[in-house]
Amino acid sequence: MARLFHVPLSPFCRKVRLSLAEKKIEVELVEERYWEGDADFLRRNPAAKVPVLKLDGRMMAESAAICEYLEETRPDPSLLPKTPEDRYEVRRLVGWFDDKFHHEVTAKLLYERINKKVTGQGYPDSRNVKDGARAIKYHLDYMTWLLDHRRWLAGDVMTLADFAAAAHLSSLDYISDVDWNRSSVVKDWYAKIKSRPAFRSILVDQVSGFRPPPHYADLDF
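Counting restarts for each chain: residues are numbered from 1 in the order of the written sequence. Local features in this predicted model are restricted to residues whose pLDDT is 70 or higher, and side-chain atom pairs enter the listing and the counts only when it is 80 or higher, whereas totals over whole chains, interfaces and linings include all residues. Excluded from the side-chain calculations are hydrogens and water; all other atoms, namely the structure's heavy atoms, are used.

**As for the packing of aromatic side chains**
Right, so step 1: Classification of ring pairs uses Phe, Tyr and Trp, with its six-membered ring standing for Trp, and accepts pairs whose centres are within 6.5 Å; under 30 degrees between planes counts as stacked, over 60 as edge-to-face, and the remaining range as tilted. Going through the model one piece at a time under the given rule, you end up with nine aromatic pairs.
Right, so step 2: Each ring, one from tyrosine 34 and one from tryptophan 35, has its centre 5.1 Å from the other, and the planes form 85°; the classification is edge-to-face.
Right, so step 3: Throughout this description, buried means an accessible area under 20% of the type-specific maximum (1.4 Å probe, protein chains only), exposed means over 50%, and partly exposed covers the range between. Accessibility expressed as a relative area gives 24% for tyrosine 34, which makes it partly exposed.
Right, so step 4: Overall, tryptophan 35 belongs to the partly exposed group, its relative accessible area being 27%.
Right, so step 5: On the basis of an interplanar angle of 85° and a centroid distance of 5.2 Å, the ring pair of tyrosine 174 and tyrosine 216 is categorised as edge-to-face. Here the residue tyrosine 174 occupies a position in the loop between α6 (160-173) and α7 (184-194), and tyrosine 216 occupies one in the segment after α7, the gap between them amounting to 42 residues. Here the two residues tyrosine 174 and tyrosine 216 agree in accessibility, since each one is buried.
Right, so step 6: Ring pairing ties together the aromatic residues Trp96, Tyr138, Tyr142 and Trp145, which thus form one cluster.
Right, so step 7: Lysine NZ or arginine CZ positioned within 6 Å of the ring centre and within 35 degrees of the ring normal marks a charge as sitting over the ring. A cation sits over an aromatic face here: arginine 44 above phenylalanine 5, 4.0 Å from the ring centre. A helix here means a DSSP run of H or I that spans at least four residues, while a strand means a run of E at least two residues long, and both kinds are numbered starting from the N terminus.

Okay, here's the thing in structure tokens:
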């Protein structure tokens, strides 16, 4: 069985978990306190980051590379479209959420509110939290524009781009930092992806000392 070293609210870990679940790959989840610099973990990934996936007799790091490996070795069901143009758009949006959205929103909300306390790095920086709360509005509006023109974020079918976005938003939703009333199309999109069987294990995640809002696991939120 595959083994995934992860942190429950990490959007990068969640993206890999969603890909594994969608492809029906059984996996053992091992929660990793990566910030402690454990020697065994550093041997698995000298970069000291999660996720790390043990699969096919190898250790793999970096969520984007892992998801591409899964797509190439287990192409059914596919999370990448067939044409180069459509694949480009998926990869562009995965990069958007894992880079721009992450730095402007996730790192300034989730990491400030939860990661700092969990890892013993002090208290949230109020300026970062305010900046993140402001930036997420722009990103939700961009998602609204995309979904006004497409069934899913990258086109007519669900792809890795949707999982990347949902991974970030679900982590932020755990701390009630997503205003779902800002956009009905984004809310409908999230309800649709949240109802997939691949999402089930994510909706039962718990972080000690932090309780999710009542709607977090509600499929009819």
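**With respect to the packing of helix α1 (residues 11-22) against helix α4 (residues 84-118)**
Two numbers describe a pair of packed helices, the interaxial angle and the distance between the axes.
Right, so step 1: Running from N to C, α1 and α4 point in directions that differ by 130°, and their axes come no closer than 11 Å. With respect to α4, the axis of α1 lies oblique. Across the interface between the two elements, Pro11, Phe12 and Lys15 from α1 touch Val94, Asp98, His102, Thr106, Leu110 and Tyr111 from α4.
Right, so step 2: Split into classes, the residues belonging to the contact of α1 with α4 amount to five nonpolar, two polar and two charged. For helices, the fitted line uses only the C-alpha atoms of the stretch in contact; every axis is such a line through C-alpha atoms, and the angle between N-to-C directions lies from 0 to 180 degrees. Any angle from 65 to 115 degrees is called roughly perpendicular, while one under 35 is roughly parallel, one over 145 is roughly antiparallel, and all others are oblique. Only heavy atoms enter the contact rule, under which two residues are in contact if any of them lie within 4.5 Å. Ten residues, namely Ala, Val, Leu, Ile, Met, Phe, Trp, Tyr, Cys and Pro, are considered nonpolar, four, namely Asp, Glu, Lys and Arg, are considered charged, and the remaining ones, Gly among them, are considered polar.

**Examining the UniProt feature "domain: GST N-terminal" (unreviewed entry) in the protein chain**
Right, so step 1: UniProt positions are given in the numbering used here, feature names are shortened, and annotations may be inferred rather than shown by experiment. This chain's UniProt record puts "domain: GST N-terminal" (unreviewed entry) on residues 1-78.
Right, so step 2: Strand forms 23% of residues 1-78 and helix 37%; the C-alpha atoms that close the span are 21 Å apart.

**Let's talk about the nonpolar core**
Right, so step 1: The biggest cluster of nonpolar side chains holds 61 residues, and the ones touching the most others in it are Leu53, Met143, Leu153, Trp189 and Ile193.
Right, so step 2: Those elements that place two or more of their residues in this core are β1 (2-6), α1, β3 (52-55), α3 (63-73), α4, α5 (126-149), α6 and α7.
Right, so step 3: Those residues in contact with methionine 143 that lie beyond four places of it in its chain are Phe97, Leu153, Ala165, Leu169, Val186 and Trp189.
Right, so step 4: In terms of nonpolar packing, the next biggest core, distinct from the first, is built from six residues, Cys13, Phe41, Val50 and Val52 among them. Residue types Ala, Val, Leu, Ile, Met, Phe, Trp, Tyr and Cys, when buried and joined through side-chain atoms within 4.5 Å, form a set referred to as a nonpolar core.

**Some remarks on the sheet that holds β1**
Right, so step 1: For two strands to be treated as a pair, DSSP must find at least two bridges joining them. Read across the open sheet, the four strands follow the order β2-β1-β3-β4; overall the sheet is mixed. This sheet does not close on itself; its edge strands, each paired only once, are β2 (27-31) and β4 (58-61). Strand-to-strand, the axes of this sheet are offset by a mean angle of 20°, without reference to chain direction.
Right, so step 2: Relative to β3, β1 is paired through three bridges, and the arrangement is antiparallel. Bridge pairing links phenylalanine 5 to valine 52 in β3.

**Observations concerning the UniProt feature "domain: GST C-terminal" (unreviewed entry) in the protein chain**
Right, so step 1: The sites that carry the UniProt feature "domain: GST C-terminal" (unreviewed entry) are, in the present numbering, residues 83-216.
Right, so step 2: Along residues 83-216, the helical share is 63% and the strand share 0%, with 35 Å between the first and last C-alpha atoms.

**What about α6?**
Right, so step 1: In this model α6 runs 19 Å from its N-terminal to its C-terminal C-alpha over 14 residues, within 8% of the 20 Å that 1.5 Å per residue would give.
Right, so step 2: Counting buried residues along α6, 14 of its 14 residues qualify, which places the element largely inside the surrounding structure. Between the first and last residue of a helix there are one fewer steps than residues, each counted as 1.5 Å, and that sum is the expected span.

**A closer look at the layout of surface pockets**
Right, so step 1: Points on a 1 Å grid, built from protein atoms alone, make a cavity when a 1.4 Å probe fits but cannot get out and make a pocket when they are open with protein on both sides within 12 Å along at least 5 of 7 lines; residues with an atom within 4 Å of a point are the lining residues. Grid points are joined across faces, edges and corners, and a volume is the space filled by probe spheres set on the points. As a volume, the largest pocket reaches approximately 530 Å³.
Right, so step 2: Taken together, 29 residues form the lining of the largest pocket, with Val7, Ser10, Tyr34, Val50 and Asn115 sitting closest to its centre.
Right, so step 3: Elements with a contribution of two residues or more to the lining of the largest pocket: α1, α3 and α4.
Right, so step 4: Per-element accounting of the lining of the largest pocket gives the leading share, six residues, to α4.
Right, so step 5: Residues that form the lining of the largest pocket fall into these classes: 15 nonpolar, seven polar and seven charged.
Right, so step 6: Approximately 160 Å³ is the volume found for the second largest pocket.
Right, so step 7: Among the elements of the structure, α1 and β2 are those that each provide at least two residues to the lining of the second largest pocket.
Right, so step 8: When residues in the lining of the second largest pocket are grouped by element, the largest group, four residues, is from α1.
Right, so step 9: Residues that form the lining of the second largest pocket fall into these classes: eight nonpolar, one polar and two charged.

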